[in-house]
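Single-letter residue listing:
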Amino acid sequence: MERSIAIIEDDFLLSLVMEKHLIKEGYSCHCFAKAEDFLDFLDQGETPIHSAVLDIKLKGEMDGIELYQILKQHYKLPIVFATGNSDLLKMRIDKSDDIYGILIKPIALEELSAILNSI
């Protein structure tokens, strides 16, 4: 069964690279540059999402941490964070059961695959 991954990343090139890699790994991908767009997609409920890769800094009114809090409360999705600043991430969230990994940019695609395959 094909699993759907959401990539919420405002760096278009990085999002594209992750998407192409994950498609080769057998995933279907849905990419969003803004947290609000991803929440709208989830609210439509047409496509089940199995896990999400979240950037910390996003365009729009909401950052990745705020999005994570909403996802944790309402959707219970497995999360993989992607960030260029691991200290910022560690200061703003507590490690919990729904956080499966924290990837430091530049992202190692093999590490991304390994984390998603473990979910």
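Residues numbered from 1 in each chain as written. Predicted model: local features only at pLDDT ≥ 70, side-chain atom pairs only at ≥ 80, totals over all residues. Heavy atoms only, no water.

Novice: I'd like a description of the environment of Ser 15, backed by residues and values.
Specialist: Mapped onto the elements of the fold, Ser 15 is located in helix H1 (residues 12-24). Accessibility expressed as a relative area gives 7% for Ser 15, which makes it buried. With 38 residues separating them along the chain, Ser 15 and Val 53 place their C-alpha atoms 9.8 Å apart. Dropping the residues within four chain positions of it, Ser 15 is found in contact with Ile 7, Glu 9 and Cys 31. (Helix = DSSP H or I, 4+ residues; strand = E, 2+ residues; numbered from the N terminus. Buried < 20%, exposed > 50% of the residue type's maximum accessible area, 1.4 Å probe, protein only. Contact = heavy atoms within 4.5 Å.)

Novice: Outline the pattern of salt bridges, listing residues and values.
Specialist: Following the criterion strictly, the structure yields two salt bridges and no others. Note that Asp 55 is salt-bridged to Lys 105, the shortest N-O span being 3.1 Å. Note that Asp 55 is positioned in strand E3 (residues 51-55) and Lys 105 in the loop between strand E5 (99-104) and helix H5 (109-118), a separation of 50 residues in sequence. Residue classification places Asp 55 among the buried positions, given a relative accessible area of 4%. With relative accessibility at 26%, the residue Lys 105 sits in the partly exposed group. Several salt bridges converge on common partners, so that one network encompasses Glu 9, Asp 55 and Lys 105. (Salt bridge = Lys/Arg side-chain N within 4 Å of Asp/Glu carboxyl O.)

Novice: Help me get a handle on the sheet that holds strand E4 (residues 79-83), residues and values and all.
Specialist: Pairing is parallel in the open sheet, where five strands are placed in the order E2-E1-E3-E4-E5. If you trace the sheet from one side to the other, it starts and ends with strand E2 (28-32) and E5, each paired once. Here the average twist between neighbouring strands, direction ignored, is 15 degrees. With respect to the sheet, H5 is in contact with strand E1 (4-8), E3, E4 and E5, its orientation differing from that of E5 by roughly 175 degrees. (Pairing = 2+ DSSP bridges. Axes fitted to C-alpha atoms, helices over the stretch in contact; angles between N-to-C directions.)

Novice: Would you mind going over unusual backbone geometry in detail, with residue names and values included?
Specialist: With an omega of 0 degrees, the peptide bond between Lys 105 and Pro 106 qualifies as cis. Here Pro 106 is to be found in the loop between E5 and H5. Even without being a glycine, Lys 76 presents a positive backbone phi close to 55 degrees. Relative to the assigned elements, Lys 76 resides in the loop between helix H3 (64-74) and E4. What makes Lys 76 exposed here is its relative accessible area of 62%.

Novice: An account of the packing of aromatic side chains is requested, with residue identities and associated values reported.
Specialist: Within this structure, the stated rule accounts for three aromatic pairs. Taking 5.2 Å as the distance between ring centres and 50 degrees as the angle between the ring planes, the aromatic pair formed by Phe 32 and Phe 38 counts as tilted. You'll find Phe 32 and Phe 38 in the same group, each marked buried. Site record: aromatic cluster; members linked through ring pairs are Phe 32, Phe 38 and Phe 41. (Phe/Tyr/Trp six-rings, centres within 6.5 Å; stacked < 30°, edge-to-face > 60°.)

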